[in-house]
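# Structural characterization, general
Below, each chain spelled out in residue letters.
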Amino acid sequence: MAGGGGGGPGPGKVKAGSRPPWVGLAAAVWVQVAAGSAYVFPLYSDAIKDALGYNQKALTMLGVGNDVGENVGLVPGLLANRLPPWLILAIGSACAFFGFGTLWLAVTKTVAMPYWVLWIALCIGTNSSAWLGTAALVTNMRNFPLSRGTVAGLIKGYVAVSAAVYTETFNGMLGNSATNLLLLLALGIPTACIVVMYFVRPCTPSLDEDNSTEHSHFMYTQISSVVLGVYLMVATILGDTLNLSEAVAYLLFGIMILLLLAPLAIPIKMTLYPNKQTKEKPSTLVPSYSTDSLSGADPENSEPLLGSATATVATGTNESDDSTDLDVLLAEGEGAVNLKKKRGPRRGDDFTFLEALVKADFWLLFIVYFCGVGTGVTVLNNLAQVGMSVGANDTTILLCLFGFCNFVGRILGGSVSEYFVRSRMLPRPFWMLCTQIIMVVTFLLFATGLHSLIYVSTTLLGICYGVQFAVMIPTVSELFGLKDFGLMYNFMLLVNPLGAFFFSALLAGYIYDKEAARQHPGVLEPSNCYGPDCFRVTFYVCAIVCCCGTLVSVLFIARIKPVYHMLYASGSFRHPRSQQQLH
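Bear in mind that the values here come from a model prediction, so they are computed numbers and not experimental data.

Turning next to the overall build of the protein. The secondary structure content of the protein amounts to 23 helices and 0 strands. Per-residue burial for the protein yields a buried fraction of 58% across its 583 residues. Sequence separation of 24 or more characterises 83% of the internal contacts of the protein that already satisfy a separation of 6 or more. Counting only carbon and sulfur atoms, one obtains 67% of the accessible surface of the protein, whose full area is about 22600 Å².

Listed below in structure tokens is the structure:
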């Protein structure tokens, strides 16, 4: 049967459970660290503001461009099923080179450019994140289809920790030079992608759910990522508070590189100590490389990123589905109905993007995600100004703290939701509900404007922001499949620029400049604002939006709870009926 597991791997495919998927995951670490360029906007935003004489509203509009570029990934999402990962990475590298290269020319005043050119250049530069992230995430989600939460948390976690990687490099190796940082982004991102692009490729996924070795490999990768995050946090604080020598700075940078290489230990170990088992355990969940595989298409000749393990998942949500499906098949065999016209995808099947767009659950998830991440990105874009307004002038520590907590939230969101969905069949969006309740309290803490609370508030917001990302990704794949996952995932990311535009540019930038003008009467365009009134109204609005997100989350969870009971009834991403349908 097409899509079955009995045949050997074809061209471009490798044996399930072998080294290449883990090599690809290790390579994706470097891709994702490079893809975090949008998170370092606060490191060079003040340099743009000072060098080119922009006010806060103009700067926040650049922040919108930063988010638009990072999150408008519909084109790479659409091409994820048509182009190989290495080509997607190459396009992302070109975006970084031309976008950040143009910004470097402007900030160094090598070439005078109008504001709109810089806005477009920033969009192009940060759009490299969408191309790089799509290639790494889609490929690895399909290479590890039964560990979606864990893989999503790891992949997006390294994007979050990239802010600390760039910050450590900025402080230790670049001498706090914004121009050097822009040059690094223009040249370093393409270099990193060229080095690893061969290894980020689709492989036949291992579908052995009970493989203890695979669990230990994921555990090792998670622990090494947490060690990296803690190290970067400590190293950044030490470098910011102590006058470290050049030798010590190079030593700290070298240790960081070694920790980034830690995931390579898994494929190295698999090479030196290969599995002694000669007979491979038959898989109970057969991968299907496209929705056409059940009608005779050859999966081995399909496009590289078309692999999906969700086509074999049960297509119903109640006990009557088996008899209904049998009736439809009998009627189709007698010529009474056309099966293709009669049956449409149900939650858990592989949806096309257009099929998902007409589903209420798709838009409920979009709204919940918008309320959480759309408000969180407002603080991230204005973090430097939020800190200075309450007297925390060292915004580097704030950025590092947010980045580390964002990373922790993604790792926890992926692994914790994975545990509870398997053991309790608890819908993953439950954790989005919990974090949005915490975000309401966090925004109220920000609104107090107390210097003593700024670090606590940043910590809480960073964790909640990260959980939203880590939970949304596997939720999309579970409800709507992996066929058009790249496109649906990138559509969800549109909430970032939407939130940045409404809450950051229109609201925060306007109120900040208005308060700055009140504090500095007679000054034509004051650049700085101090005190809690600079952002208080913005934080109140964000708290109200998260309250609305909490209410929508309750409705969404109630709707999809039966779906998760069906998908994880056997303790893993499958249903007993799926095995019956395969035989």
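The rest of the description comes next.
Enumeration according to the criterion identifies 6 salt bridges in this entry. Between arginine 422 and glutamate 418 there is a salt bridge whose closest N-O contact spans 2.7 Å. One end of the pair, arginine 422, and the other, glutamate 418, are both in helix H17 (residues 395-423), 4 residues apart, so they sit about a helical turn from each other. The pair arginine 422 / glutamate 418 is uniform in exposure class, with both members buried. Overlapping salt bridges, with partners in common, bring together Glu418, Arg422, Arg428 and Glu478 in one network.

To continue, consider the state of the cysteines. Within the structure shown, the criterion is met by 1 disulfide. Across the disulfide, cysteine 529 is cross-linked to cysteine 534 (sulfur-sulfur distance 2.0 Å). Looking along the S-S bond of the cysteine 529-cysteine 534 disulfide, the torsion reads about -95°, which is the left-handed sense.

A few words now on the packing of helix H9 (residues 212-241) against H17. Two numbers describe how H9 lies on H17: the axes approach to 10 Å, and their chain directions differ by 170°. Taken together, the axes of H9 and H17 are roughly antiparallel relative to one another. Along the contact surface, H9 presents Gln222, Ser225, Val226, Gly229, Val230, Leu232, Met233, Thr236, Asp240 and Thr241, while H17 presents Thr396, Ile397, Cys400, Leu401, Phe404, Phe407, Ile411 and Ser415.

For the structure on display, the rule yields 7 cavities of 30 Å³ or more. Size it by volume and the largest cavity reaches roughly 130 Å³. Breaking the lining of the largest cavity down by element, the ones donating at least two residues are helix H3 (56-71), helix H6 (115-143), helix H7 (148-172) and helix H20 (485-492). Considering each element in turn, the lining of the largest cavity owes the most residues, 4 residues, to H6. Looking at side-chain class alone, the lining of the largest cavity contains 7 nonpolar, 5 polar and 3 charged residues.

Grouped together as the largest cluster of nonpolar side chains are 155 residues, with contacts concentrated most on Tyr44, Phe100, Leu132, Ile189, Tyr369, Phe443 and Phe485. With 13 residues, H7 is the single largest residue contributor to this core. Residues in contact with phenylalanine 443, not counting those within four places in the same chain, are Thr375, Gly376, Val379, Leu461, Phe539, Cys542, Ala543 and Cys546.

So, on to H6. Between its first and last C-alpha atoms H6 spans 43 Å; for 29 residues at 1.5 Å apiece the expected length is 42 Å, and the two agree. Of all 29 residues making up H6, 23 are buried, and the element is well covered by its neighbours.

The tally for this structure, following the rule as stated, stands at 31 aromatic pairs. Plain terms: the ring middles of phenylalanine 366 and phenylalanine 491 are 5.5 Å apart, the flat faces sit at 40° to each other, and that makes the pair tilted. Here the residue phenylalanine 366 occupies a position in helix H15 (residues 360-381), and phenylalanine 491 occupies one in helix H20, the gap between them amounting to 125 residues. Accessibility expressed as a relative area gives 13% for phenylalanine 491, which makes it buried. With centroids separated by 6.3 Å and ring planes inclined at 45°, the aromatic side chains of phenylalanine 404 and phenylalanine 407 adopt a geometry described as tilted.

Before going further, it helps to spend a moment on the environment of phenylalanine 535. Among the secondary structure elements, phenylalanine 535 is positioned in the loop between helix H21 (495-519) and helix H22 (536-567). The class of phenylalanine 535 is buried, set by a relative accessible area of 3%. Distance from phenylalanine 535 to glutamate 515, taken between C-alpha atoms, is 9.1 Å for residues 20 residues apart in sequence. In contact with phenylalanine 535, not counting residues within four places along its chain, are Asn382, Gln385, Val386, Ser389, Ala508 and Tyr512.

Mapped onto the fold, valine 111 is located in the loop between helix H5 (85-107) and H6. Once residues lying within four places of it in the same chain are set aside, the contact partners of valine 111 are Leu105 and Ala106.

What follows is about a nonpolar patch on the surface. Together, Phe97, Phe98, Trp116, Ile120, Ile124, Leu183 and Leu187 line one region of the surface with nonpolar side chains, adding up to about 690 Å² of accessible area. Per-element tally for the nonpolar patch: the top contributor is H6, with 3 residues. Assignment of secondary structure puts leucine 187 in helix H8 (residues 178-196). With a relative accessible area of 44%, leucine 187 lands in the partly exposed category.

A few words on the side chain of threonine 458. Within the secondary structure, threonine 458 sits in helix H19 (residues 454-480). For threonine 458, a relative accessible area of 1% puts it in the buried group. If near-sequence neighbours (up to four positions away) are discounted, threonine 458 is found in contact with Leu383, Leu398, Leu401, Phe402 and Phe446.

Bringing H7 into the picture now. Since one α-helical turn is 3.6 residues long, residues separated by three or four positions face the same way. With 25 residues, H7 ought to run about 36 Å at 1.5 Å a step, and its terminal C-alpha atoms sit 36 Å apart, in line with that. The largest bend along H7 reaches roughly 30° and is located at valine 161. Most of H7 is tucked away, with 24 of its 25 residues classed as buried.

Rules behind the numbers
Residues numbered from 1 in each chain as written. Predicted model: local features only at pLDDT ≥ 70, side-chain atom pairs only at ≥ 80, totals over all residues. Heavy atoms only, no water. Helix = DSSP H or I, 4+ residues; strand = E, 2+ residues; numbered from the N terminus. Buried < 20%, exposed > 50% of the residue type's maximum accessible area, 1.4 Å probe, protein only. Contact = heavy atoms within 4.5 Å. Areas by Shrake-Rupley, 256 points an atom, 1.4 Å probe, with all protein chains shown as cover. Salt bridge = Lys/Arg side-chain N within 4 Å of Asp/Glu carboxyl O. Disulfide = S-S within 2.5 Å. Axes fitted to C-alpha atoms, helices over the stretch in contact; angles between N-to-C directions. Parallel < 35°, antiparallel > 145°, perpendicular 65-115°, else oblique. 1 Å grid on protein atoms, 1.4 Å probe; cavity = no way out; pocket = protein on both sides within 12 Å on 5 of 7 lines; lining within 4 Å. Points joined across faces, edges and corners; volume = space filled by probe spheres on them. Nonpolar A, V, L, I, M, F, W, Y, C, P; charged D, E, K, R; others polar. Core = buried A, V, L, I, M, F, W, Y, C linked by side-chain atoms within 4.5 Å. Expected span 1.5 Å × (residues − 1). Phe/Tyr/Trp six-rings, centres within 6.5 Å; stacked < 30°, edge-to-face > 60°. Patch = residues over 30% accessible without salt bridge, like charges linked within 9 Å, V, L, I, M, F, W, Y side chains within 5 Å. Bend = angle between axes of the 7 residues up to and from the residue.

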